[in-house]
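Results of the structural survey
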Number of protein chains: 2
Amino acid sequence: MSGEIEPNPSLNNNSSNTVKNGPIPAKPCTRQASGYPYGLVQPLLTDQYQVTMAYAYWKSDRWRANAVFDFFFHKNTFDGEFTIFAGLSECLKFLQNFQFSDSDIEYLKSTLPASTEEGFFEYLRSLDCSQMEVYAIPEGSVVFPRIPLIRLEGPLPMLQLVETPILTLINYASLVTTNAARFRLAAGRDKVLLEFGLRRAQGPDGGLSASRYCYMGGFNGTSNVLAGKLFGIPITGTHAHSFVMSFGGLEDLKVRMLQPADSSKPPVDFVEICLRCREKICRVINVLQEQTNEGELAAFIAYASSFPTGFLALLDTYEVLKSGVANFCAVSLALNELGFRAKGVRIDSGDLAYLSLYVRQIFKKVADEFSIPWFEKLMIVASNDINEETLLSLNQQGHGIDAYGIGTHLVTCQRQPNLGGVCKLVQINGVSRIKLSQDVSKVTIPGRKVVYRLFNSDGHALIDLMQQSEEEPPKPLERVLCRHPFEESKRAYVKAGRVELLHKLFMKNGEICQTLPTLEEAKKRVQESLESLRHDHKRALNPTPYKVSVSNALYHFLHDLWLANAPIGELS
Amino acid sequence: MSGEIEPNPSLNNNSSNTVKNGPIPAKPCTRQASGYPYGLVQPLLTDQYQVTMAYAYWKSDRWRANAVFDFFFHKNTFDGEFTIFAGLSECLKFLQNFQFSDSDIEYLKSTLPASTEEGFFEYLRSLDCSQMEVYAIPEGSVVFPRIPLIRLEGPLPMLQLVETPILTLINYASLVTTNAARFRLAAGRDKVLLEFGLRRAQGPDGGLSASRYCYMGGFNGTSNVLAGKLFGIPITGTHAHSFVMSFGGLEDLKVRMLQPADSSKPPVDFVEICLRCREKICRVINVLQEQTNEGELAAFIAYASSFPTGFLALLDTYEVLKSGVANFCAVSLALNELGFRAKGVRIDSGDLAYLSLYVRQIFKKVADEFSIPWFEKLMIVASNDINEETLLSLNQQGHGIDAYGIGTHLVTCQRQPNLGGVCKLVQINGVSRIKLSQDVSKVTIPGRKVVYRLFNSDGHALIDLMQQSEEEPPKPLERVLCRHPFEESKRAYVKAGRVELLHKLFMKNGEICQTLPTLEEAKKRVQESLESLRHDHKRALNPTPYKVSVSNALYHFLHDLWLANAPIGELS
């Protein structure tokens, strides 16, 4: 039932049959319900060249070759100096359940040359992750460029086949978690951050992934109901402009009576109380009653009657200061007479700093005038096209906002919509491999590596150190030579207060061999991991780069292999 | 089996139970297999406020109100002057199958206040699209700002509930189709465009949607195997750098023999032939044999042996001009001796204009020297971080490229990662509504509107004209007054050669009442629709805006309603 989706016949019928490599009719799949998140994370969610390479490995009798692949990225995102690693659990579940279905094989046959040998398809059918080992940094950790976040070890063709799905699962997850963590840093700890991005996300599961990983990165909730259902994320939402616009005036209110909080009291005419309260409010806050929009008042009354304990109103359908805030205060005052407390307001346009301060001032006036102290503390939610810079600028200006609803910039990662994580071969049958590039920063660090994070005595991370796997681990309180991987003169002796081995073995013999963190645990890890990072690495403007280093032995190994693979050119 | 995904128990178990609004155990769903593309497009893929609004409508006895919502966008993307409309078929399939499942209802109950009346959940259970009508412009059409692409008519709460999924399905689909169409315009008709974006896409279905809609927008194929299987898109791919790096030298070649094309001939030692050919090639193209990388040669031999009729090699693992091209030519020459034709090369780094011209020159030299005319025409694929500007710049410089593999910029729409389409209430119970905004360009055009596209006599689109639905349609060869919706002085008389009504009724009584286009048909429509647009609207630099207008009657109606809703302010 869950986790597995076969191609949809109705979709296939809509595709022309004249296309080469055309669709194959759907067949029931015998694969077990799996950890695949939404059904479409399956072995075929890969690039075709992984399949053709697998055939070439198989055909040239190289399919038993044992390889090591590193997953890493070249550069931190968003002009920052840190990244949060996310998506690992989904990768592991995908790997654990990896198996081609009959219809997958049938489809692949139709796409490969007729000369492709039958034995290859038998081979594909037999593939699973039972010969794979996965080492990784725990999900939710702060990570840095060039450090392998995942090390995959196993048969070469198998690693190729899973490369693309792993990149797909990690790249966006890490990107959007990092973005959310940056929004959290910018907003400060005490603000409520709500993810409202579903309608702007890149497709349905773009939206679902965004909700999940924004929560992990530090958001408090989402508007996405399905994400609430699937992942247990708190969901949130009130009403839209359309709700307000759908009421023309008080004549649209068919239900006027409301039961007070004290259930022993009889229902009262709530509309009448609201109208009376509006008179009072308009006088106190100096707004002309005839300028307040009556359709808006009707909408607020209807909404408050439906959610008397959770009344939060959108103020800017017509005019925040001339209409919205007066109508809101009127209805909230009426609710108060019936023993209910309103929750707050949302402002979705205009100068958020100015409006929020002004509205807060009005709340204070009403609180004082009517002796309702909590009125001053009503929640103000802001939600208009907010990005990291808006948050920083609002902090600088001063504002009265308690919560932010953030969509487009958060989920599309507008500032940099991809992490650019890559998966590179670093070892084959025990022999290290290097990938050269004209761009030095893209040269890969060869071999099977072990990574340590060195902390200073006050618990802050100092430097990450990559070593060859056979080297002795660095010891606390001993001097270790840490070198920049490419720049000869950049090196330092580091004496660490504490040394942490970054990778854990997450999968052995095709089975997940660690307890995977819950979403809440991963979310907690993000904050803890960020706390171990010095402030200057995290600041928005000109952050200090965190140092990523190699051991002296790895430095020389890297450079020797580099020279051996780059013969001296001849200019003439 | 297909089309429906229930929440995955293993995911739920990973979420902490301490979260408010926590997960509900999965239940088998009785819903029929549906048109939902990947299972997760379901009624709960919506914003929570749609649900709370639905309750407020229900509770205030307003759920029968009949509404009209327009889906439109405010501004074209990518600094362009056109957009391609895509995603309609998926929306219609979603609507046709709209129904809350038992577990959906159970989850919603857990998220709404305890005071929420039971009758509301009965109401939700009864909801479907049987009372909805959907008018829309056909998928694949060129469209413009402010024009309603979809007009939804039906019960107000139902329209609210489907608003978010529709936005999610249309926004990214239209964005990425438009992006693909722009890449096609920039590359020219005769180039092959391949979508390689899966690993950079925003999540698994971001990748799948990208493959589908890039094909619709004008691409020739994708690397995404699952997209091939599900949608019948041609898939493509050869090998990666890792394949080349996995071979250390000729000793890694365990299989040396290859069967010539003529099956009556005996298998030959292909490695020996390749080595012989390398000698000849190095002499002809003036490359030092000892500088060519032997691991690369081994990899090319292994790949060519596996795909003798489809040999396409990646040249830049070590050095394109000193190693890659020599090794490729050697193996291709050897294939030629056996009666096979190589396909071509891919270059994934460096100066693509220079390298492709240089490689083409070498191909010509080999063709002449060895009298193999087709060698000159071998395919050159380029694939390094290409965007629209790269294509335009390559055209300007001159190059030898036949095909482009494009990933990141295409699928993430780096230049502008969201379309910002919105769904706005324009009429309720027959009464028009207007949404005002400080930003004039965001004021909505009220009421139920009919849209015509007016073409000139040579078949090019001249202007789009919105009218109130009760107005007489414009007639060909008659003068029609077309007005800018907001700027009083901008108006023109237009005499059209042909008039086209843009919307069709796609859904009536909850049933799709048009034959939906196949992917191939929609793809064709994109190109035809673009052809009807004048060149100057489509050019990359400073394109001419296409005119979107309203009738004189609609102009006055809009402005009267605007003034009625915006009372004169008082300054003091």
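What you see is a predicted model; the values in this text were computed from it and never measured.

**A closer look at the overall build of chain A**
A tally of regular secondary structure across chain A gives 18 helices and 23 strands. With the principal axes as the frame, chain A shows a C-alpha extent of 85 × 65 × 55 Å. Taking all 572 residues of chain A together, 66% fall into the buried category. For chain A, the proportion of contacts with a sequence separation of at least 24, taken over those separated by at least 6, is 74%.

**A short note on the state of the cysteines**
Scanning the entire structure with this criterion turns up zero disulfides over all chains. Here A:Cys129 is not disulfide-linked; the sulfur of A:Cys91 is the nearest cysteine sulfur, at 11 Å.

**A short note on the sheet that holds strand β3 (residues 133-136) of chain A**
Sheets are built from strands that pair by backbone hydrogen bonding, the pairs being arranged parallel or antiparallel. All names here are of chain A. Read from one edge of the open sheet, seven strands run β15-β14-β1-β5-β3-β21-β22, paired in antiparallel fashion. Of all strands in the sheet, those with a lone pairing partner are β15 (431-432) and β22 (511-512), marking the two edges. Sheet topology places strand β21 (residues 504-508) next to β22; two bridges connect them, and they run antiparallel. Across the sheet, Lys508 pairs through a bridge with Glu511, a residue of β22. Against the sheet, helix α3 (residues 88-96) touches β3, β5 (150-155), β21 and β22, its axis set at about 25 degrees to β21.

**Observations concerning the sheet that holds strand β7 (residues 221-222) of chain A**
Residues and elements named next belong to chain A. The strand order across the open sheet built from six strands is β7-β6-β13-β12-β11-β10, with neighbouring strands paired in parallel fashion. The open sheet has two edge strands with one neighbour each: β7 and β10 (312-314). Bridge count between β10 and strand β11 (residues 344-347): three bridges; the pairing is parallel. Across the sheet, Ala313 pairs through a bridge with Val345, a residue of β11. Together, β11 and β12 (379-382) form the strand contacts of helix α13 (residues 352-370), whose direction differs from that of β11 by roughly 160 degrees.

**A word on the side chain of A:Ser356**
All names here are of chain A. Tracing the backbone through its elements, the reader meets Ser356 in helix α13. Taking relative accessible area as the criterion, Ser356 reaches 1% and is therefore assigned buried. There is a polar contact of 3.0 Å between the side chain of Ser356 and the backbone oxygen of Ala353. Not counting chain neighbours up to four residues away, the residues in contact with Ser356 comprise Ile347, Ile380, His399, Gly400 and Ile401.

**Topic: the packing of aromatic side chains**
Counting across every chain of the model gives 44 aromatic pairs over all chains. For the ring pair A:Tyr57 and B:Phe243, a centre distance of 4.9 Å and an interplane angle of 40 degrees mean the geometry is tilted. Pair noted here: A:Tyr57 is in helix α2 (residues 48-59) and B:Phe243 is in helix α9 (residues 241-245), and the two residues belong to different chains. For the pair A:Tyr57 and B:Phe243, one class covers both residues: buried. Aromatic pair A:Trp58 and A:Phe120: ring centres 6.0 Å apart, planes at 55 degrees, arrangement tilted.

**What to know about the side chain of B:Asp252**
Note on placement: B:Asp252 falls in the loop between α9 and β8 (257-258). A polar contact of 2.6 Å, which involves the side chain of B:Asp252, links it to the backbone nitrogen of B:Gly248.

**Structural notes on the pattern of salt bridges**
All names here are of chain B. All told, the structure shown has 66 salt bridges over all chains when counted by the stated rule. Residues Arg415 and Asp79 are paired through a salt bridge, measuring 3.5 Å at the closest nitrogen-oxygen approach. Here Arg415, found in the loop between α15 (408-411) and β14 (422-428), pairs with Asp79, found in the loop between β1 (66-72) and β2 (83-84); they are 336 residues apart in sequence, far enough to count as distant. On the basis of relative accessibility, which here comes to 38%, the residue Arg415 falls in the partly exposed class.

**Remarks on the confidence of the model for chain A**
Do not read the fine detail of predicted coordinates wherever pLDDT is low. Residues and elements named next belong to chain A. Summarising the model, chain A shows a mean pLDDT of 91, and 92% of its residues fall at 70 or more. Contacts of residues 1-38 to residues separated by more than four positions or lying in other chains number 144 contacts, the stretch itself having pLDDT below 50. With pTM at 0.91, the complex prediction returns an ipTM value of 0.89.

**Comments concerning the pairing of β5(A)**
All names here are of chain A. Most of β5 sits inside the fold, with six of its six residues counted as buried. Relative to β5, strand β1 (residues 66-72) runs antiparallel, the two sharing six bridges. Within the sheet, the bridge partner assigned to Asp70 lies in β5 and is Arg151. Strand direction decides the pairing type here: β3 and β5, joined by four bridges, are antiparallel. Note that in β5 the partner of Tyr135 across the bridge is Arg151.

Quick notes on the rules
Residues numbered from 1 in each chain as written. Chains lettered and ligands numbered in written order. Predicted model: local features only at pLDDT ≥ 70, side-chain atom pairs only at ≥ 80, totals over all residues. Heavy atoms only, no water. Helix = DSSP H or I, 4+ residues; strand = E, 2+ residues; numbered from the N terminus. Buried < 20%, exposed > 50% of the residue type's maximum accessible area, 1.4 Å probe, protein only. Contact = heavy atoms within 4.5 Å. Disulfide = S-S within 2.5 Å. Pairing = 2+ DSSP bridges. Axes fitted to C-alpha atoms, helices over the stretch in contact; angles between N-to-C directions. Polar contact = N/O pair within 3.5 Å; in protein donor to acceptor, adjacent residues only side chain to side chain. Phe/Tyr/Trp six-rings, centres within 6.5 Å; stacked < 30°, edge-to-face > 60°. Salt bridge = Lys/Arg side-chain N within 4 Å of Asp/Glu carboxyl O. pLDDT = per-residue confidence, 0-100.

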